[in-house]
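Examining the three-dimensional arrangement
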Amino acid sequence: MPKQIDGADRAADIVQTSLWLREHEWLYSVMKSPRNTCPKFRIPDLLAACVTLAFSSDGLQHQLITYLRSELLLRQPEKTRRSCDIWKSQFDLLMIAHRDDWNRFPHPMFNLDQICTGCVAVVMTMGDAQTQVLSQARRNVVARTSSAAIIRN
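In short, a report on the structure. (Residues numbered from 1 in each chain as written. Predicted model: local features only at pLDDT ≥ 70, side-chain atom pairs only at ≥ 80, totals over all residues. Heavy atoms only, no water.)

The subject of this paragraph is the overall build of the protein chain. Summing up its helical and strand segments, the protein chain has seven helices and two strands in all. Listed N to C, the secondary structure of the protein chain is α-β-α-α-α-β-α-α-α in terms of helices and strands. For the protein chain, the computed accessible surface area is about 9,000 Å², with 57% contributed by carbon and sulfur atoms. (Helix = DSSP H or I, 4+ residues; strand = E, 2+ residues; numbered from the N terminus. Areas by Shrake-Rupley, 256 points an atom, 1.4 Å probe, with all protein chains shown as cover.)

As structure tokens, then:
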């Protein structure tokens, strides 16, 4: 019989972050979209899908850096953010980006919530973004489920 996941196990796989309001509202609209059915993905899955997509190619990573250094840089830093959860594997991608050379001196340093927000913003510009996010969320769940099965055995 498979081991039931308790709250402590699940909590170890999730990290809290935050998003700026415009990007959070877009993710919320994807969550409420009629396309989001069976299974219905929640914000952690959708946010993780955006992060995965944003780091899936050099071109999208370049778009992310350009977005952060141009558009996000011009936003008022005290703007309200929404707290949300993300899967640890995608949070690890954010940490790698945070430590990357493009985020070091002499360039401006962006915080994790800014990089996370930038990932969503870049994905929002993709053609048929909702479909891409939902498809990536499915692939992420399969990958997460597969790795959990390997760990249990």
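From this point, things continue past the structure.
What follows deals with the side chain of glutamate 23. Mapped onto the elements, glutamate 23 comes out in helix H2 (residues 21–32). A distance of 3.3 Å separates polar atoms of two side chains, one belonging to glutamate 23 and the other to tyrosine 67. Excluding anything up to four places from it in sequence, glutamate 23 contacts Tyr67, Arg75, Thr117, Val120, Ala121 and Met124. (Polar contact = N/O pair within 3.5 Å; in protein donor to acceptor, adjacent residues only side chain to side chain. Contact = heavy atoms within 4.5 Å.)

Attention shifts here to the packing of aromatic side chains. Enumeration over the complete set of coordinates arrives at zero aromatic pairs. One cation-aromatic arrangement involves arginine 144 over tryptophan 87; the distance from NZ or CZ to the ring centre is 3.7 Å. (Phe/Tyr/Trp six-rings, centres within 6.5 Å; stacked < 30°, edge-to-face > 60°. Lys NZ or Arg CZ within 6 Å of the ring centre and 35° of its normal.)

The subject of this paragraph is helix H6 (residues 112–124). End to end, H6 covers 18 Å across 13 residues, agreeing with the expected 18 Å (1.5 Å per residue, within 8%). Counting buried residues along H6, 11 of its 13 residues qualify, which places the element largely inside the surrounding structure. Those residues of H6 lying buried are Asp113, Gln114, Ile115, Cys116, Thr117, Gly118, Cys119, Val120, Ala121, Val122 and Val123. (Expected span 1.5 Å × (residues − 1). Buried < 20%, exposed > 50% of the residue type's maximum accessible area, 1.4 Å probe, protein only.)

Geometrically, the link from cysteine 38 to proline 39 is a cis peptide bond, its omega value of -5° lying close to zero. Mapping proline 39 onto the fold places it in the loop between H2 and helix H3 (43–54). In this structure, the amide linkage connecting phenylalanine 105 to the following residue, proline 106, adopts the cis form with an omega of 15°. With respect to the secondary-structure elements, proline 106 resides in the loop between helix H5 (88–99) and H6. Of note, the phi angle at cysteine 38 is positive, near 45°, even though the residue is not glycine. Among the structural elements, cysteine 38 can be located in the loop between H2 and H3.

Within the element layout of this structure, leucine 73 appears in the loop between helix H4 (58–70) and strand E2 (81–87). Here leucine 73 falls in the partly exposed class, since its relative accessible area comes to 44%. Each C-alpha atom, one on leucine 73 and one on glutamine 114, is 9.2 Å from the other, the two residues being 41 residues apart in sequence. Non-local contacts of leucine 73, meaning those with residues more than four positions away in its chain, are made with Leu68 and Phe110.

For the structure shown, the criterion picks out seven salt bridges. A salt bridge links glutamate 23 to arginine 22, with the nearest nitrogen and oxygen atoms 3.6 Å apart. Assessed through its relative accessible area of 0%, glutamate 23 is described here as buried. Here arginine 81 ties to aspartate 113 by a salt bridge, and the two come within 2.3 Å at their closest N and O atoms. Taken as a pair, arginine 81 in strand E2 and aspartate 113 in helix H6 lie far apart in primary sequence, 32 residues in all. The class for arginine 81 is partly exposed, based on a relative accessible area of 25%. For aspartate 113, a relative accessible area of 12% corresponds to the buried category. Here the salt bridges do not stand alone but share partners, grouping Arg22, Glu23 and Arg75 into one network. (Salt bridge = Lys/Arg side-chain N within 4 Å of Asp/Glu carboxyl O.)

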